Amino acid sequence: MARQAHTALTGGTSSEGRVSGYVLKVIRESTGRTQQQLAEGIGVGVATIQGWESGRRPLMAMPTGNFLALRTWLRGLGAGPGLLDTLTEGLAADLFIGQALATPHHAADPAGHLLSTWVITRPFTETAAWPIGGKPPRRLERTARTALRRGPVPAGPQLGADERRHVITHMQAIAERADRRTTGGLLLARQAYYLIGFDASPETMAWLAQMYRADRRVVRPSKGWSLSWPLARSTASALTRLGDPEPMRRFIADQLCDEAGERANLNYCAFWTGDFDE
């Protein structure tokens, strides 16, 4: 089961800004601008740019109009739409990470949690999981490698060891407490499982395997499509990423065995890759 640990590590969801700040830095470097040049171009002090890029001054605290103006200005410098979309995804990732860090584990409440309110997409998942697994979003990967850097710098947004464990344990806590009798609870659990799967530690793999077995007892999957279909798929995907393909083989055999299951899989893949949005 999820570890019970210390209290909140930050003051609130609006105090987090490391992911979007790092994306902003990559975008700035890709355009060949220094912090001073960017500051002069948009009419702020260089300390503001430094604060944004480090996450000390969260971009999500910026008025919406100012953020859109910043995106437009960066587009004019040559930043591509994919990079700018990742900047926006970074705000959502910061909101999610900030909520996790600001919530003591005993107070983690599945009701109304961010992961129970919408079906996450690949861009959000890759961006939110970046500080957990260390792999940059694919839309940013090439730019992050080729952007000009001076001196040793982090390869991505950084969470301290305690912060990283806190975020993972938060997701474990809400997944364990999610009500499997409701659609929202099933959605919350499956999305928490998928994000947790980006942590490759043996402890996380053991926890996922334990939850997989427990879920199959509580929510018995039927052949083909059922309400448990997304939960089984995401758990199997997470365990496959961590080196255990057996749950995925079982999912393919049991839940993709009829037309309804295959159609659900095609629809989900299309949504995941952005071919359609609802």
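Model, not experiment: these values are computed from the prediction. Numbering of residues begins from 1 in every chain and follows the order in which that chain's sequence is written. In keeping with the predicted nature of the model, local features appear solely for residues at pLDDT of at least 70, side-chain atom pairs appear and are counted solely at 80 or more, and the whole-chain, interface and lining totals rest on all residues. Heavy atoms from the whole structure form the basis of all side-chain values; hydrogens and water molecules are not counted.

### Description of the side chain of H113
Turning to step 1, where the next piece is worked out: As for its placement among the helices and strands, H113 is situated in the loop between helix 5 (81-101) and helix 6 (122-133).
Turning to step 2, where the next piece is worked out: Separated by 2.9 Å, the side chains of H113 and H170 make a polar contact.
Turning to step 3, where the next piece is worked out: Contacts between residues were defined by any pair of non-hydrogen atoms, one from each residue, lying within 4.5 Å. Leaving out residues up to four positions away in the same chain, H113 has contacts with F96, Q99, H170, I174 and L188. We count a stretch as a helix when DSSP gives it H or I for four or more residues in a row; a strand needs E for two or more, and each element gets its number in order from the N terminus. N or O atoms within 3.5 Å of each other form a polar contact, as long as, within protein, one can give a hydrogen and the other can take it, and as long as residues adjacent in sequence are counted only when both atoms are side-chain atoms.

### Let's talk about the side chain of R28
Turning to step 1, where the next piece is worked out: Of note, R28 is situated in helix 1 (residues 18-30).
Turning to step 2, where the next piece is worked out: Given the relative accessible area of 8%, R28 is considered buried.
Turning to step 3, where the next piece is worked out: For R28, the side chain forms a polar contact with the main-chain oxygen of R33, separated by 2.8 Å.
Turning to step 4, where the next piece is worked out: What R28 contacts, discounting residues up to four positions off in sequence, is R33, T34, Q35, L38 and E53. Residue burial is assigned from relative accessible area. The probe radius is 1.4 Å, only protein chains are included, and a residue is buried under 20% of its type maximum, exposed over 50%, and partly exposed in between.

### Structural notes on the packing of helix 10 (residues 202-218) against helix 11 (residues 229-241)
Helix-helix packing is characterised by the crossing angle of the two axes and by the distance between the axes.
Turning to step 1, where the next piece is worked out: The N-to-C vectors of helix 10 and helix 11 enclose an angle of 155 degrees; their axes lie 10 Å apart at closest approach. By the angle between their directions, the pair helix 10 and helix 11 is classed as roughly antiparallel. You can see that helix 10 and helix 11 cross each other, and the crossing is left-handed. Where helix 10 abuts helix 11, its residues M205, L208, A209, Y212 and D215 lie against L231, T235, A238 and L239.
Turning to step 2, where the next piece is worked out: Each residue belonging to the contact of helix 10 with helix 11 can be placed in one class, and the counts come to 7 nonpolar, 1 polar and 1 charged. Here an angle of 0 to 180 degrees is reported between the N-to-C directions of two axes, which are lines fitted to C-alpha atoms, with helices fitted over the stretch in contact. Any angle between 65 and 115 degrees counts as roughly perpendicular, while under 35 counts as roughly parallel, over 145 as roughly antiparallel, and the rest as oblique. Crossing handedness follows the turn of the near helix against the far one: under a right angle anticlockwise gives a left-handed crossing, and clockwise gives a right-handed one. Under the scheme applied here, ten amino acids are nonpolar (Ala, Val, Leu, Ile, Met, Phe, Trp, Tyr, Cys and Pro), four are charged (Asp, Glu, Lys and Arg), and all others, including Gly, are polar.

### What to know about helix 11
Turning to step 1, where the next piece is worked out: Expected helix span is taken as 1.5 Å per residue step, with the number of steps being one fewer than the number of residues. Between its first and last C-alpha atoms helix 11 spans 18 Å; for 13 residues at 1.5 Å apiece the expected length is 18 Å, and the two agree.
Turning to step 2, where the next piece is worked out: Most of helix 11 sits out of view: 10 of its 13 residues are buried.
Turning to step 3, where the next piece is worked out: Looking only at helix 11, the buried set comprises W229, L231, A232, R233, S234, T235, A236, S237, A238 and L239.
Turning to step 4, where the next piece is worked out: Of the residues flanking the end of helix 11, it is G243, one or two places downstream, whose phi is positive at about 105 degrees.

### Quick word on the environment of I132
Turning to step 1, where the next piece is worked out: With respect to the helices and strands, the residue I132 is situated in helix 6.
Turning to step 2, where the next piece is worked out: Residues I132 and L195 lie 63 residues apart in sequence; the distance between their C-alpha atoms is 8.7 Å.

### Regarding the packing of aromatic side chains
Turning to step 1, where the next piece is worked out: Between rings of Phe, Tyr and Trp, where Trp is taken as its six-membered ring, a pair exists when centres lie within 6.5 Å; planes separated by under 30 degrees are stacked, by over 60 edge-to-face, and by other angles tilted. Here the structure, examined in full by the defined rule, presents 5 aromatic pairs.
Turning to step 2, where the next piece is worked out: Ring geometry for Y22 versus W130: centroids 5.4 Å apart, planes at 90 degrees, classification edge-to-face. Of this pair, Y22 sits in helix 1 while W130 sits in helix 6, and the two are 108 residues apart along the sequence. Here the two residues Y22 and W130 agree in accessibility, since each one is buried.
Turning to step 3, where the next piece is worked out: With centroids separated by 6.4 Å and ring planes inclined at 70 degrees, the aromatic side chains of F96 and F124 adopt a geometry described as edge-to-face. Here F96, found in helix 5, pairs with F124, found in helix 6; they are 28 residues apart in sequence, far enough to count as distant.
Turning to step 4, where the next piece is worked out: Overall, the relative accessible area of 2% leaves F96 in the buried class.
Turning to step 5, where the next piece is worked out: Of the residues examined, F124 reaches a relative accessible area of 1% and is grouped as buried.
Turning to step 6, where the next piece is worked out: Ring-pair connections join several aromatic residues into one group, and the members of that group are F96, W118 and F124.
Turning to step 7, where the next piece is worked out: Ring-over charges, as used throughout, are those where CZ of Arg or NZ of Lys falls within 6 Å of the ring centre and within 35 degrees of the ring normal. One residue, R241, lies across the ring of Y194, its end atom 4.4 Å from the ring centre.
Turning to step 8, where the next piece is worked out: A cation over a ring is seen here: R241 above F198, with NZ or CZ 3.9 Å from the ring centre.

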